[in-house]
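Examining the three-dimensional arrangement
Here's the letter readout for the chains.
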Amino acid sequence: MSHIVQTILSYLPGATIYTKALVLGLFGYVSFTSIGIVKRVVRPYFSPLRAVKGPGGGTFLRGHFPEIRSVEEAGSWHREQMNKYGHVWVHKAGFNQDRLVTTDLKALHYVMNNSMAYHKPEEARYILGELLGEGLLFSEGADHKRQRRIMNPAFGIIHIREMTGIFVSKSSEARTIFLNTSCANESTVVDMVSYLSCTTLDIIGLAGFDYSFDSLSHLANNDRNGSELASAFNKLLASAKFSTLTILKVVFPVLRMITFDERSRTVNQNKAVISRIGKQLIEEKRRALQSSNEDGRAKDLLTLLIKANLADANEGGDRQLSDEEMVNQIPTFLIAGHETTSTATSWGLYSLAMHPDVQQKLREELLGLPTEQPTMEDLNSLAYLDMVIREILRVHSVIAATARVASHEDIIPLDTPFTDKYGKVHDGIHVKKGDTIVIPVKVVNTLESIWGPDALEFNPDRWLNPPKATQGIPGVWGNQLTFLGGPRACIGFRFAIVEMKALLFSLIRSFEFELAVSPDQVIQRASLVTRPVLRSEPEKGFQLPMRIRRVRT
């Protein structure tokens, strides 16, 4: 190595010591990066996962990701491989990496409940951090535990009960817009993705940080600009695409210094807008809390976090979120509390349109409640609505799969042993530090071995007597993996469930829904979440045209 350094310096006879230091620094960084690349490429040959069965093929740079992303039903490629190779198998990721996939419930429970040993992949954290900042979705380990502990009370039943009025009010506003655009006994075609996206954005704006996006009124008036914060968030969300440069930045951190490309400029500009507005909101709310003598109960999540911070500081605690951490929760709230719920509700209306008997049965139950302004308790008292919501989230889990990375060598326990490609039987899965484990959410939610031969069918009545095997699914809610499980389970699952109930309550009571296109036109495309696209119009992005008609009274 010293010989190489001397050779490099010999080419710089007139250079200053600073120039020489810069050149040697760059040489060192390139050398370090090159070693990292070599280690990444060769590590699969020394991993115990090389003995696990799995599909051949896949490209060196992208593995099997092109096949995974090209399917028209999210999760179907993983299901096909599971049917071939069993409940434990591997597929190729970028740069020849092996990714372990398992549907064994004991293994999934172990991985999800050992969050200190199995964390998010660095690649996923980079994308999340780039788009959302270092909020709850980004953080790991002790930092995640601290953020989660101070945020948990804000998502409790007491506060969700108080936010239900916001859910119902905005759902009723969407219904009123539909009523104003439709005529009695005539149908109207609307894109439910757009309307539900605006509705849930308005809801999370008010419930999250008492901010009025007014997206529904902007959409109704054909005003595509909307508020400054809504515009910044939508542009940021549109940047969540995996270009070649983005993939290279994920793999080679040195390339992250490139910030002059169009995508980087868009991300940075709109993150700056969100940060500026977020800091203003935090400062205004902090001043209001400090100057108020009232002990009124806050109704938005951001105010609840600020109150928790102030209380902890007054008690001499050290759990407070910094202002930057609170600002980073704003885009986190937006993506986690907006896109996920609007997408799940879109797929719910799709299923109800495909099963008019279920839609009518649900409508009859909803009309039986003698109020248009239900409380959380009212919504939760509707048994069939609850079964419909469970089935929507089971069949249409908006996140098809997620992944974790082992932080050290380990043996993952199994309920059922597996046989490797050499015929050896294993009662555990041997993983080494850096190995990736895929949690196939949608596959587990639709496993025939758990749910029976009709696992892929939409059937809310299954929840009258769910199969006993579902009790083993290690999810935080509903005997399914949609909200994951363990310390990193979705913190806002109660929020999402009551919000979906409010949306369906308002819409199904007032309108009949049917698809405005042939069912085979509707396919699934996964980005941050799995959303509907029309096969004949993929260039138009996410959409779900539906024909709505006022309910005949």
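Taking an unreviewed UniProt entry as the reference, the protein is identified by name as Cytochrome P450 belonging to Serendipita vermifera MAFF 305830. Recorded under Cofactor (unreviewed entry), the UniProt text for the protein is reproduced unchanged: "heme". Heading Pathway (unreviewed entry) of the UniProt record for the protein holds this comment: "Secondary metabolite biosynthesis."

1. Let's talk about the overall build of the protein
Assigned secondary structure in the protein consists of 21 helices and twelve strands. Considering the protein as a whole, with its 553 residues, one finds that 52% of them fall into the buried category. In the protein, the proportion of contacts linking residues at least 24 apart, taken out of those at least 6 apart, comes to 72%. Approximately 25,200 Å² of the protein is accessible, and the part contributed by carbon and sulfur atoms is 55%.

2. Looking at the pattern of salt bridges
Scanning all chains against the criterion turns up 28 salt bridges. With a closest N to O distance of 2.6 Å, R161 and E377 form a salt bridge. Pair noted here: R161 is in helix 8 (residues 157–181) and E377 is in helix 17 (residues 376–380), with a separation of 216 residues, a long-range link. Look at R161 and you get partly exposed, because its relative accessible area is 38%.

3. Let's talk about the sheet that holds strand 1 (residues 88–92)
Strand order across the open sheet formed by five strands is 1-2-8-5-3, with mixed pairing between neighbours. Looking at strand neighbours, the two that pair on one side only are strand 1 and strand 3 (118–119), the edges of this open sheet. Bridging between strand 1 and strand 2 (residues 98–102) involves five bridges; their strand directions are antiparallel. Each bridged residue has a counterpart across the sheet, and for K92 the counterpart in strand 2 is D98. Sheet strands touched by helix 5 (residues 105–113): strand 2, strand 3, strand 5 (402–406) and strand 8 (436–439). Its angle to strand 8, the strand with the most contacts, is close to 115°.

4. Focus: the pairing of strand 8
On any regular strand, side chains alternate: one points to one face of the sheet, the next to the other face. Side-chain alternation along strand 8 places T436 and V438 on one buried face and I437 and I439 on a second face that is also buried. Pairing between strand 2 and strand 8: three bridges, direction parallel. The partner of R99 across the bridge, within strand 8, is T436. Here four bridges tie strand 5 to strand 8, and the two strands are oriented antiparallel to one another. Bridge pairing in strand 8 links T402 to I439.

5. Let's talk about the layout of surface pockets
Considering only enclosed or pocket space, the second largest pocket measures out at about 1,200 Å³ in volume. Along the walls of the second largest pocket sit 42 residues, with N234, L237, A238, R531 and F542 positioned nearest its centre. Only helix 3 (65–70), helix 9 (192–209), helix 10 (215–220), helix 11 (228–238), helix 15 (323–354), strand 10 (522–526) and strand 11 (530–534) provide two or more residues apiece to the lining of the second largest pocket. Among the residues making up the lining of the second largest pocket, the classes are represented as 16 nonpolar, 16 polar and ten charged.

6. Brief notes about the packing of aromatic side chains
When we look at a pair of aromatic rings, we describe it by the centre distance and by the angle of the planes. Within the structure shown, the criterion is met by 15 aromatic pairs. Note on F178 and F511: the rings are 5.8 Å apart at their centroids and 85° apart in plane angle, and the pair reads as edge-to-face. One end of the pair, F178, is in helix 8; the other, F511, is in strand 9 (residues 511–515), with 333 residues separating them in the sequence. Among the residues examined, F511 registers a relative accessible area of 0% and is labelled buried. Summarising the aromatic geometry, the rings of F209 and F213 are spaced 6.4 Å apart at their centres and angled 80° between planes, so their arrangement reads as edge-to-face. Through a chain of ring-to-ring contacts, the aromatic side chains of F178, Y195, F511 and F513 assemble into a single cluster. A cation over a ring is seen here: R390 above W463, with NZ or CZ 5.6 Å from the ring centre. Across the ring face of W451, the terminal group of R394 is positioned such that the distance to the ring centre comes to 4.9 Å.

The rules behind each value
Residues numbered from 1 in each chain as written. Predicted model: local features only at pLDDT ≥ 70, side-chain atom pairs only at ≥ 80, totals over all residues. Heavy atoms only, no water. UniProt positions renumbered as here; feature names shortened; annotations may be inferred. Helix = DSSP H or I, 4+ residues; strand = E, 2+ residues; numbered from the N terminus. Buried < 20%, exposed > 50% of the residue type's maximum accessible area, 1.4 Å probe, protein only. Contact = heavy atoms within 4.5 Å. Areas by Shrake-Rupley, 256 points an atom, 1.4 Å probe, with all protein chains shown as cover. Salt bridge = Lys/Arg side-chain N within 4 Å of Asp/Glu carboxyl O. Pairing = 2+ DSSP bridges. Axes fitted to C-alpha atoms, helices over the stretch in contact; angles between N-to-C directions. 1 Å grid on protein atoms, 1.4 Å probe; cavity = no way out; pocket = protein on both sides within 12 Å on 5 of 7 lines; lining within 4 Å. Points joined across faces, edges and corners; volume = space filled by probe spheres on them. Nonpolar A, V, L, I, M, F, W, Y, C, P; charged D, E, K, R; others polar. Phe/Tyr/Trp six-rings, centres within 6.5 Å; stacked < 30°, edge-to-face > 60°. Lys NZ or Arg CZ within 6 Å of the ring centre and 35° of its normal.

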